[in-house]
Amino acid sequence: MLGGRSKRAGDGRRLTVGGVKLPQVVIVGAGFGGITAAKALGGAPLDVTIVDQHNFHTFSPLLYQVATAGLASDDIAPSVRGIVQPDPNVEARMATVHAIDFERREVQVDNGPSIPYDWLVLAAGAVSSDFGIPGVSEHAIPLKTMADATRIRSRVLRRFEAANANPALVDQGALTFVVAGGGPTGVELCGALAELIEKVLAKDFKHLDVNRAQVVLVEMTDVLLGTFSPRSQAEALRDLRQRGVDVRLGVAIQAVEMSAVHLADNTTIPTTTTIWTAGVKANPMADWLGLEQTERGEIVVLPDLTVPGRPEVFVIGDLAAAKDRHGKPLPQLAPVAMQGGRHVARSIKRRERGQSTRPFRYINKGTMATIGRRAAVAELPFRIRFGGTLGWLSWLGLHLVFLIGFRNRVVVLVNWAWNYVKWDRGNRVILTDDTD
Ligand SMILES: Cc1cc2nc3c(=O)[nH]c(=O)nc-3n(C[C@H](O)[C@H](O)[C@H](O)COP(=O)(O)OP(=O)(O)OC[C@H]3O[C@@H](n4cnc5c(N)ncnc54)[C@H](O)[C@@H]3O)c2cc1C
């Protein structure tokens, strides 16, 4: 174990113990996979650098609450330096990785010299995918990053301000919010938007006919929450409709324009706010690294999560085409990334001890989605299923447990309690200068 004897040598970056340089591990990405790997390597006789383009970790399962004013961005975005501060051998770097020289074993960043590595962990996640549908990238807002969430919040609030100033805009769709994609993110966002409008904005905007506001969820398949059981799917549909969400199933979005969305059934929805949750693809890093990719763009990995022919390079999380023991691709979920992070940390330590690596085995502990106040579905192994209030309480508890940092947990808990008791959403601030 690494103790107080370790220190950073010469250039201030290399860690040494007793004058000997430690093997260097570079982790690209401080998301669920990268942070878990870094923490699992804390205290090991390794010199670890975790690089991210942001100085914070994004707890993406709660992004929709930032987008709907229930939480502030800081509440779900602990600083990366703060997370690794207790680990003397782990250093955080804020930088964008733009190339990797696999022969020289160096990671090239935008704001300083290359970072050499002995072991490399690629954990750069995924980005939103528009599937080539016209107008999506220009006119729809994805919900993938913190910037997206604050932009959605500002856009929704700005539309209410605009309609309040000029009610004629309501006929042009100013208060119509179209959400594309009926997966967990789309369902959670629609439920929260509907509650924000009905319970909070209706009181904020005293002279506006807020009843004319609409949340429309468009899903191209015939069900919501495609990976859940039919019972949970039906429950989600019922709960969303009860909250006034206009759910349109079995219809695809054909094009998005500045002031309308066109559907495949030849209907047009006038709107100036389309939110895209319909799909993600692996980080484009997978393209420029020149490594073998799947059709979905993820990097092909061996069962131990290393890149074929490069045993010193690991790929985890949404960027990796990892499979289960039956050869089925693993889903792009936080627990897959976290378990992958722990696995590669163990593998690096094993290899440093001269032992071989083991295959990665993902243990599915269940999935959840919340629809709104006292409405959620939770599906656990052995066909255990909760809905309604019990599902909602499990959802709340689990998300609190997985949030990183005691302060964040306390702040989120206090916010949730306040929002529950007061029917409030305290973060109704327009922060972006987005004037569209
Ligand atoms: C809105 C939303 C809700 C979700 N809800 C759930 C949920 O409820 N449950 C669940 O299990 N999963 C959920 N997911 C999926 C889950 O967030 C991902 O599966 C998980 O984040 C993948 O972890 P990762 O480490 O692979 O990537 P990420 O957590 O996305 O982290 C990637 C990191 O890499 C950094 N990065 C990218 N490119 C570069 C670069 N060139 N240079 C430097 N840094 C870079 C990024 O800034 C980011 O911090 C949700 C996702 C979204 C978008």
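Reading the values: rules and limits
- Residue positions are counted from 1 within each chain, in the order its sequence is given.
- Whole-chain, interface and lining totals are the exception, using all residues; otherwise, since this is a predicted model, local features are given only for residues with pLDDT of at least 70 and side-chain atom pairs are given and counted only at 80 or more.
- Hydrogens and waters are ignored; side-chain quantities use all the structure's heavy atoms.
- These domain boundaries are the output of an automatic or database domain assignment.
- Any two residues whose heavy atoms approach within 4.5 Å are treated as being in contact.
- Each of two parts loses accessible area, computed with a 1.4 Å probe, when they are put together; buried area is these two losses added.
- For salt bridges, the criterion is a side-chain nitrogen of Lys or Arg within 4 Å of an Asp or Glu carboxyl oxygen.
- Polar contacts here mean pairs of N or O atoms no more than 3.5 Å apart (in protein, one a potential hydrogen donor and the other a potential acceptor; neighbouring residues in sequence count only if both atoms are side-chain atoms).
- In this count, Pro and Cys sit with the nonpolar residues alongside Ala, Val, Leu, Ile, Met, Phe, Trp and Tyr, while Asp, Glu, Lys and Arg are called charged and the others, Gly among them, polar.
- Throughout this document, a residue counts as near a molecule or strand when at least one of its heavy atoms sits within 4 Å of that molecule or strand.
- All accessible areas in this document rest on Shrake-Rupley with a 1.4 Å probe, and a residue is counted as covered only by the protein chains that are shown.
- Strands are runs of DSSP state E lasting at least 2 residues, helices are runs of H or I lasting at least 4, and numbering of each runs from the N terminus.

A short note on the domain arrangement of the protein
Entries for the protein in the domain assignment read domain 1 (7-53 + 95-128 + 281-352) and domain 2 (136-278 + 374-422). Taking the mean C-alpha position of each, domain 1 and domain 2 sit 34 Å from one another. Residue-level contacts link five residues of domain 1 with five residues of domain 2. Between domain 1 and domain 2 the total buried area reaches about 350 Å² when both faces are included, carbon and sulfur atoms providing 72% of it. Inspection of the region where domain 1 meets domain 2 yields zero salt bridges. Taken together, the links from domain 1 to domain 2 amount to zero residue pairs in polar contact (both at pLDDT 80 or more). Along the lines of polarity and charge, the residues of the side of domain 1 that touches domain 2 split into four nonpolar, one polar and no charged.

A few points about the site of the ligand
Lining the immediate environment of the ligand, one finds 28 residues, of which Gly33, Asp52, Gln53, Ser60 and Asp318 sit closest. Val97 places a polar main-chain atom, nitrogen or oxygen, 2.9 Å from a nitrogen atom of the ligand. A distance of 2.9 Å is found between an oxygen atom of the ligand and a backbone nitrogen or oxygen belonging to Asp318. For the ligand, the accessible surface in isolation is 990 Å², of which the surrounding protein chains cover 88%. Within the residue set of the shell around the ligand, elements represented by two or more residues are α1 (32-41) and α9 (334-352). Ranked by the residues each element gives to the shell around the ligand, the list is headed by α9, at three residues. Each of domain 1 (7-53 + 95-128 + 281-352) and domain 2 (136-278 + 374-422) contributes no fewer than three residues to the shell around the ligand.

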